[in-house]
Amino acid sequence: MANDPHELRGINWNEVFPFTHIFKSFRIAMHPSKLMLALAAVVLVYFCGRVMDGMWGAAGSRAMRGEIDKYLAVPAGEFSAAKADWKNGRIEAVARLAADAHREAHDLTAFTQSLPYGPFSDAFREKLAKANADEKAGQYESRSASFYLEDARKSWRKVYVAARRDADDEADRISDLLAQTRKEKKEYDADYNKGMQLLTAREKAFTEQAQAIRGNGIFQSLLIHEATCINNAISSVWHANLLGGLIVEGEAGGFLYWVIRGVKGAAWMLSQHCVFGIIFLAVALAAWALFGGAIHRIAALQFARDEKMSMSQALRFSSGKFISFFSAPLIPLGLILLLGLLLAIGGLVLNLWGVGAFIAGLLFFLAIIAGFAIAFLIVGLVCGSSLMYPAIAVEGSDNFDAISRGFSYVFDRPWRAAWYGLVAVVFGSVWYLVVRVFAWLALASAHYFANWGVFTGGKGLGEGATRLDVLWSAPTLMDLHGPFNWAIMSGGEKAGAFLVAFWVYLVSALLGAFLLSYIASSTTIIYCLLRRKVDATEMNEVYIEEDIQQAAPSDASSATEQGNPPAQSPAPQDATPPPSEDKPA
């Protein structure tokens, strides 16, 4: 029946299963222009965070080791007490650390006993004694812990450098004596390397203790926490664990658990370091309003019309809509805070003796109404905020229209929105792991094969280690950059390690840029899918700027000069363009 009009010749899977459009997110996200814009946002936020860490750290405002985990794990009173104990006990901890450092640096008993041809010569002991003569633990009073910690670090470093230098001199002297006996020379070198590794371990232990006393930067603590939450959230999706840890205490945390924990990290910063948190989040939101808005715009044109857009055009669009992008998520948050403030003012009535409780009980229905309004705004903000940027990018509208669309699409089609979100999360998690494995494989290959040509410089770190291992430890899948052994590097090695760290961290930043680009691309596609379902608007309808439309007249005039009639007469600038080209249907 070749002429059967009902013969099935093909299936449009995108129409049968609209969620399959989300599978285009990876291809759209990997576009170089989006990755570069996302990388610019990551670098800008990271740079601002590090600068702010330096400023706040110089003023003595730092976070204790593991502060966010303790903030989330214990009651507020217990957390405040632990933080106060850490702050008040730093002077005493510095005194103990300095005393231990001076004593160990002066003795070096384990180091000298590790060598078979020790104890060292009298000249060597005299050099150590002279280096340590004036380095006594002082009276730790009336000055900051940071001052004494730096003093202890300099004192220990001075003796440590002297010990290494003089030990090398002593090794050269003994090596000359053993030059004729190859076997004894080999045994001596092995014991010498063990002694240097012991000295290195002491230096690294001192650095670790000093860092625990000094504390981490606020941004540094937040960065470590958020990176852990992202990796665990994606790993939980890989293990099909979406809701674990939300109800059963002690259960392995699932995707939502780690997302909520990541949000609580920002809450920690705002509650414990309010000024720092407000400034940093404002900078991060501004960076995403500019660069993220541009990414959403490119994704909208690429998905809806299969058109490419340059980064300069996208940035021009996002800068023109900057206020809308910046304020869209802030307006619902501001309304929540305003209603909360009104409730707090109403709560003052309870302080009135006698009639206060009666008046509060009589009018408490207003508080419940305000509570419902706050709940509505919270749910809309959490679930619909991801659709606000796509709304501005696709429709060319303002912040209020973006908020209205984000809320209405989620509340009008909640299950469809949840399904699209689940598909995007699972699909994105798989590709994130693929991209991460690819990045790790690239870095591990570079480290492994480059190490073939390096034979020296790492014996103080461990057996079989090279100078490359000192500059940059071998990367792992969950730690691409690895620990840097700053404590045992010379000045030239530190400069080289800094440059190596720059390139390795750039790869990590690109991984974060891919994640941001994917989020922007997938949410833009989800917005178009929900808009078609709710508003019956075709997905290829997107706002086109006037500067793009005005490109046609120049093409027409050039065609006329060549003697060819223009393909289409451009509309005059004062005429009203068709609705499908300058505004959404």
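The structure presented is a predicted model; accordingly, all values stated were derived computationally and were not measured. (Residues numbered from 1 in each chain as written. Predicted model: local features only at pLDDT ≥ 70, side-chain atom pairs only at ≥ 80, totals over all residues. Heavy atoms only, no water.)

Moving on, we come to the overall build of the chain. A tally of helices and strands in the chain yields 26 helices and 0 strands. Pairs at least 24 residues apart make up 76% of the contacts formed inside the chain by residues separated by at least 6 positions. Roughly 32,000 Å² of accessible area belongs to the chain as shown, and the carbon and sulfur atoms make up 64% of that amount. (Helix = DSSP H or I, 4+ residues; strand = E, 2+ residues; numbered from the N terminus. Contact = heavy atoms within 4.5 Å. Areas by Shrake-Rupley, 256 points an atom, 1.4 Å probe, with all protein chains shown as cover.)

Turning our eyes to something else, we now look at the pattern of salt bridges. Between side chains of opposite charge, a pair can form when the charged atoms approach closely. Under the defined criterion, the tally for this structure stands at 8 salt bridges. We note a salt bridge from Arg405 to Glu395, for which the minimum N-O separation is 3.7 Å. Pair noted here: Arg405 is in helix α20 (residues 399-412) and Glu395 is in helix α19 (residues 388-395), with a separation of 10 residues, a long-range link. For the pair Arg405 and Glu395, a shared accessibility class is recorded, and that class is buried. Note that Arg413 and Asp412 form a salt bridge whose closest N and O atoms lie 2.4 Å from each other. Its relative accessible area of 40% is what places Asp412 among the partly exposed residues. A network of salt bridges, in which partner residues are shared, links Glu395, Asp401, Arg405, Arg531 and Asp535. (Salt bridge = Lys/Arg side-chain N within 4 Å of Asp/Glu carboxyl O. Buried < 20%, exposed > 50% of the residue type's maximum accessible area, 1.4 Å probe, protein only.)

What follows is about the packing of aromatic side chains. Tallied over the full model, the rule gives 26 aromatic pairs. Considering the side-chain rings of Phe26 and Phe514, the 5.9 Å spacing of their centres and the 70 degrees angle between planes classify their relative orientation as edge-to-face. Of this pair, Phe26 sits in helix α2 (residues 25-29) while Phe514 sits in helix α23 (residues 491-535), placing them 488 residues apart in sequence. Through successive ring pairs, a cluster of aromatic residues spans Phe17, Phe19, Phe23, Phe26, Trp419, Phe427, Trp431, Phe514 and Tyr518. The ring of Phe317 has Arg297 lying over it, and the distance from NZ or CZ to the ring centre is 4.5 Å. (Phe/Tyr/Trp six-rings, centres within 6.5 Å; stacked < 30°, edge-to-face > 60°. Lys NZ or Arg CZ within 6 Å of the ring centre and 35° of its normal.)

Moving on, we come to the packing of helix α13 (residues 274-305) against α23. Put simply, α13 and α23 touch, their axes get as near as 9 Å, and they point 50 degrees apart. Put simply, α13 runs oblique to α23. Here α13 runs over α23; the crossing is right-handed. Only Leu516, Ser517, Ala520, Ser521, Thr523, Thr524, Ile525 and Cys528 of α23 make contact with α13, whose side of the interface consists of Trp288, Ile295, His296, Ala299, Ala300 and Phe303. Taken together, the residues of the contact of α13 with α23 sort by class into 9 nonpolar, 5 polar and no charged. (Axes fitted to C-alpha atoms, helices over the stretch in contact; angles between N-to-C directions. Parallel < 35°, antiparallel > 145°, perpendicular 65-115°, else oblique. Left-handed = near helix turned anticlockwise from the far one by under 90°. Nonpolar A, V, L, I, M, F, W, Y, C, P; charged D, E, K, R; others polar.)

Before going further, it helps to examine the side chain of His447. As for its placement among the helices and strands, His447 is situated in helix α21 (residues 414-450). With a relative accessible area of 6%, His447 lands in the buried category. At 3.3 Å, the side chain of His447 and the side chain of Asp469 are in polar contact. Apart from residues no more than four positions distant in its own chain, His447 is found in contact with Leu468, Asp469, Trp472, Ser473, Ala474 and Pro475. (Polar contact = N/O pair within 3.5 Å; in protein donor to acceptor, adjacent residues only side chain to side chain.)

Outside of glycine, negative phi angles account for most residues, and trans bonds account for most peptide bonds. With a phi close to 55 degrees, Asp306 is a non-glycine residue in the positive phi region. In this structure, Asp306 sits in the loop between α13 and α14 (311-320). Overall, Asp306 belongs to the exposed group, its relative accessible area being 62%.

What follows concerns the side chain of Ser25. Inspection of the secondary structure puts Ser25 in helix α2. Owing to a relative accessible area of 0%, Ser25 belongs among the buried residues under this scheme.

For the rest of this paragraph, the subject is the nonpolar core. Counting residues in hydrophobic clusters, the biggest one holds 73 residues, and the most contacted among them are Ile22 and Phe514. If you tally residues by element for this core, the top one is α23, at 15 residues. Apart from residues lying up to four places away in sequence, Ile22 is in contact with Tyr420, Val423, Ala424, Phe427, Ile525, Ile526 and Leu529. Counting residues in hydrophobic clusters, the runner-up holds 15 residues, among them Ala63, Ile68, Trp268 and Phe276. (Core = buried A, V, L, I, M, F, W, Y, C linked by side-chain atoms within 4.5 Å.)

Taken as a whole, the chain shows an average pLDDT of 79; of its residues, 72% reach a score of 70 or greater. A low-confidence stretch, residues 112-125 stays under pLDDT 50, and its non-local contacts, those more than four residues away or across chains, total 24 contacts. In this model, residues 131-142 is a region of pLDDT below 50 whose contacts with residues beyond four sequence positions or in other chains number 18 contacts. (pLDDT = per-residue confidence, 0-100.)

This brings us to the environment of Arg50. Locating Arg50 in the fold gives a position in helix α3 (residues 32-58). On the accessibility criterion, Arg50 (34% relative accessible area) is partly exposed. It is 8.2 Å that separates the C-alpha atoms of Arg50 and Gly217, two residues lying 167 residues apart in sequence. Sequence-distant contacts of Arg50, defined by excluding residues within four places in its chain, comprise Phe219 and Gln220.

Glancing now at helix α18 (residues 364-384). For α18, with 21 residues, the first-to-last C-alpha span of 30 Å sits near the 30 Å given by 1.5 Å per residue. Listed as buried for α18 are Ala370, Ile374, Leu377, Gly380, Leu381 and Gly384. All buried residues of α18 fall inside an arc of 130 degrees around its axis, so they share one side. Away from its buried face, by an angle of more than 90 degrees, α18 presents the exposed residues Phe372 and Val382. (Expected span 1.5 Å × (residues − 1). Arc of directions from axis to C-beta.)

Bringing the packing of α19 against α20 into the picture now. Where α19 meets α20, the closest approach of the two axes is 8 Å, and the angle between their N-to-C directions is 120 degrees. Taken together, α19 and α20 sit at an angle that is classed as oblique. Between α19 and α20 lies a crossing whose hand is right-handed. Residues Met388, Ala391, Ile392 and Glu395 of α19 pack against Asp401, Ala402, Ile403, Arg405 and Phe407 of α20.

What follows concerns the environment of Gly265. Relative to the helices and strands, Gly265 is located in helix α12 (residues 255-272). Distance from Gly265 to Leu72, taken between C-alpha atoms, is 8.5 Å for residues 193 residues apart in sequence. Setting aside residues no more than four positions away along its own chain, Gly265 makes contact with Ile68, Leu222, His225 and Glu226.

It is worth spelling out a nonpolar patch on the surface at this point. Together, Leu352, Val355, Phe358, Ile359, Leu362, Leu363, Phe365, Leu366 and Ile369 give the surface a local cluster of nonpolar side chains, amounting to about 890 Å² of exposed area. Within the residue set of the nonpolar patch, elements represented by two or more residues are α17 (356-362) and α18. (Patch = residues over 30% accessible without salt bridge, like charges linked within 9 Å, V, L, I, M, F, W, Y side chains within 5 Å.)

Okay, helix α5 (residues 76-88) next. Taking 1.5 Å as the rise per residue, α5 with 13 residues should run 18 Å; its terminal C-alpha atoms sit 18 Å apart, in good agreement. Residues of α5 that are buried: Phe79, Lys83 and Trp86. End-on view of α5: buried residues confined to an arc of 60 degrees, all on one side of the axis. When the buried face of α5 is taken as reference, the exposed residues oriented beyond 90 degrees from it are Gly77, Asp85 and Asn88.

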